[in-house]
Every structure is written in structure tokens, then in C-alpha cells.
Amino acid sequence: MSYCLPESYASYVADPAVRTAVEHILGSRSLEVPDTLGWDQLPDFHAAVLAAHQVRCDYASAVQGLWDAVWERVVSEDLEAWSIAEAAHWYGLGFDAKSLWQNEVFARAYTRGDSWIGLGVCLDLREVRLCLWFGNEKDEDLAAGLLSQDDWDPELDEDYGYWSKKDLARIEGGCVPLKRLKTAAAGALLAITE
């Protein structure tokens, strides 16, 4: 089973020229029409600007789609989901397309009893990785030693908790294989909720 990325983002990943154009347009504070542009080229300029924003919006949809494909199926009913506003405050992240593009992470948060659980997905140019935080109100790490070292790096990241190992899910031909990510997610949730 795999997750196929939206065509615009798959092109961005695969083609360095597309990446350069998109990054230039999205990185410009004030994008002005080049002086050398002819009137007949103006529609192409506007189409390129729209396409760059489409890549970013498709990225935001893809990273949430990946989260749904991996984490949604293993989240149990005894986990109380936080609202978008609560999760944004805790993570210090926005959930708009620009914020997701800049941070490269989509993460949701849950409460279970006195503990907090954060479950995330990171999508970059090469691969998809998972992140997981399991702690309490004092931000004490409760996941140490519980996660499979075959699937998870043992070092705690202060911002996102634990990361799945690199190269579990590399982007191949515009798609991401999900089997190892799903195994890592299911095993991690089982380990921290038992």
C-alpha cells in the first residue's frame, strides 16, 4: 500500500527546475512582474504564481492525508482529540498551508488520562517520517524505552519527541510506501497506551 502525492507536489519533488521556480515565487515578499516580460507573457507569469501556490496547498493536503493514512486508523477511541487551536498552541505551529510548508510537519495532539500524546508526520523532498510525543503536563517524557528501536530513533527531540528512523518511507515515483510507517505507528501507540 502506498500514498500517491498530488501531481503538483510530485513534480516539485522530482524536478529541480520546478523546485527553483516555486521556491523563488513563494520566497518573494513582493513578487513583481519582470521588466523584460512582454504583454503576451503576462498570463504565463500569473499562471506560474498560481501554480506555485497550488504546490504549497497540495503539500498541506498531502501531509494531512499522510497523517490520516498512517495515524488515523490506529488512534483509539479512548484518546481525547485536541482542537486545532489547542494543538497549534501546544506545538507552536500553524495549520494553514504556509505554516505547514515552512515547518514540514502536520501533528495532532490527544489527551489520555493525565498524559498527552502528540502524533505527527513530516514530508520532505526525500521521505516521510513520523514523530511522537508521549508525556504529561510537566513535559516529562513518558515514552523513553517504550518504542521499537527498529522503527524509532532513541534520541528525544525537544520539539517533536521521537522520530521514526530515516528511510522507512522514501518517496518513489511520486508515491510513498506506507507499510513500515503503519507498522511503526501501530507498534508505538500500542507500546505507550498499554
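The structure presented is a predicted model; accordingly, all values stated were derived computationally and were not measured.

1. A closer look at the overall build of the protein
Per the secondary structure count, the protein includes six helices and seven strands. Each helix (α) and strand (β) of the protein, taken in turn from the N terminus, gives the series β-α-α-α-β-α-α-β-β-β-β-β-α. Put simply, the protein has 194 residues, and 44% of those count as buried. Summed over all atoms, the accessible surface of the protein reaches about 10,800 Å², with 49% contributed by carbon and sulfur. Once the 16 positive and 33 negative side-chain charges of the protein are each reduced to a mean point, those two points are 5 Å apart.

2. Re a negative patch on the surface
A cluster of acidic side chains, namely Asp-139, Glu-140, Glu-158 and Asp-159, defines a negative patch on the protein surface. Positionally, Glu-140 belongs in the loop between strand S5 (128-136) and strand S6 (162-163). Classification of Glu-140 by relative accessible area gives partly exposed; the value is 40%.

3. A closer look at the pairing of strand S3 (residues 105-112)
Along any regular strand the residues' side chains alternate between the sheet's two faces. Burial runs high along S3: six of the eight residues are buried. As judged from the two bridges shared by strand S2 (residues 80-81) and S3, these two strands associate in the antiparallel manner. Paired with Ala-81 across the bridge in S3 is Tyr-110. From the end of S3 to the start of strand S4 (residues 115-123), which pair antiparallel, there are two residues, and Gly-113 there has a positive phi angle of about 65 degrees.

4. Comments concerning the sheet that holds S2
In spatial order, the strands read S2-S3-S4-S5-S6; together these five strands make up an open sheet with antiparallel pairing. Looking at strand neighbours, the two that pair on one side only are S2 and S6, the edges of this open sheet. Relative to S4, S3 is paired through eight bridges, and the arrangement is antiparallel. From the neighbouring strand, Val-105 faces S4, where its bridge partner is Cys-122.

5. Quick word on the state of the cysteines
Following the criterion strictly, the structure yields one disulfide and no others. Paired by a disulfide, Cys-4 and Cys-175 hold their sulfur atoms 2.2 Å apart. The chirality of the disulfide connecting Cys-4 with Cys-175 is right-handed, given an S-S dihedral of about 90 degrees. Of this pair, Cys-4 sits in strand S1 (residues 2-4) while Cys-175 sits in strand S7 (residues 175-177); the two residues are 171 residues apart in sequence, bridging distant segments of the chain. What makes Cys-4 partly exposed here is its relative accessible area of 48%. Of all cysteine sulfurs, the one in Cys-122 lies closest to Cys-57, which takes part in no disulfide; the gap is 19 Å. Owing to a relative accessible area of 40%, Cys-57 belongs among the partly exposed residues under this scheme.

What counts, and where the lines are drawn
- Residues numbered from 1 in each chain as written.
- Predicted model: local features only at pLDDT ≥ 70, side-chain atom pairs only at ≥ 80, totals over all residues.
- Heavy atoms only, no water.
- Helix = DSSP H or I, 4+ residues; strand = E, 2+ residues; numbered from the N terminus.
- Buried < 20%, exposed > 50% of the residue type's maximum accessible area, 1.4 Å probe, protein only.
- Areas by Shrake-Rupley, 256 points an atom, 1.4 Å probe, with all protein chains shown as cover.
- Lys, Arg positive; Asp, Glu negative; His and termini not counted.
- Charge placed at Lys NZ, Arg CZ, Asp CG, Glu CD.
- Patch = residues over 30% accessible without salt bridge, like charges linked within 9 Å, V, L, I, M, F, W, Y side chains within 5 Å.
- Salt bridge = Lys/Arg side-chain N within 4 Å of Asp/Glu carboxyl O.
- Pairing = 2+ DSSP bridges.
- Disulfide = S-S within 2.5 Å.

Such coordinate-based values are descriptive only and should not be taken to indicate function.
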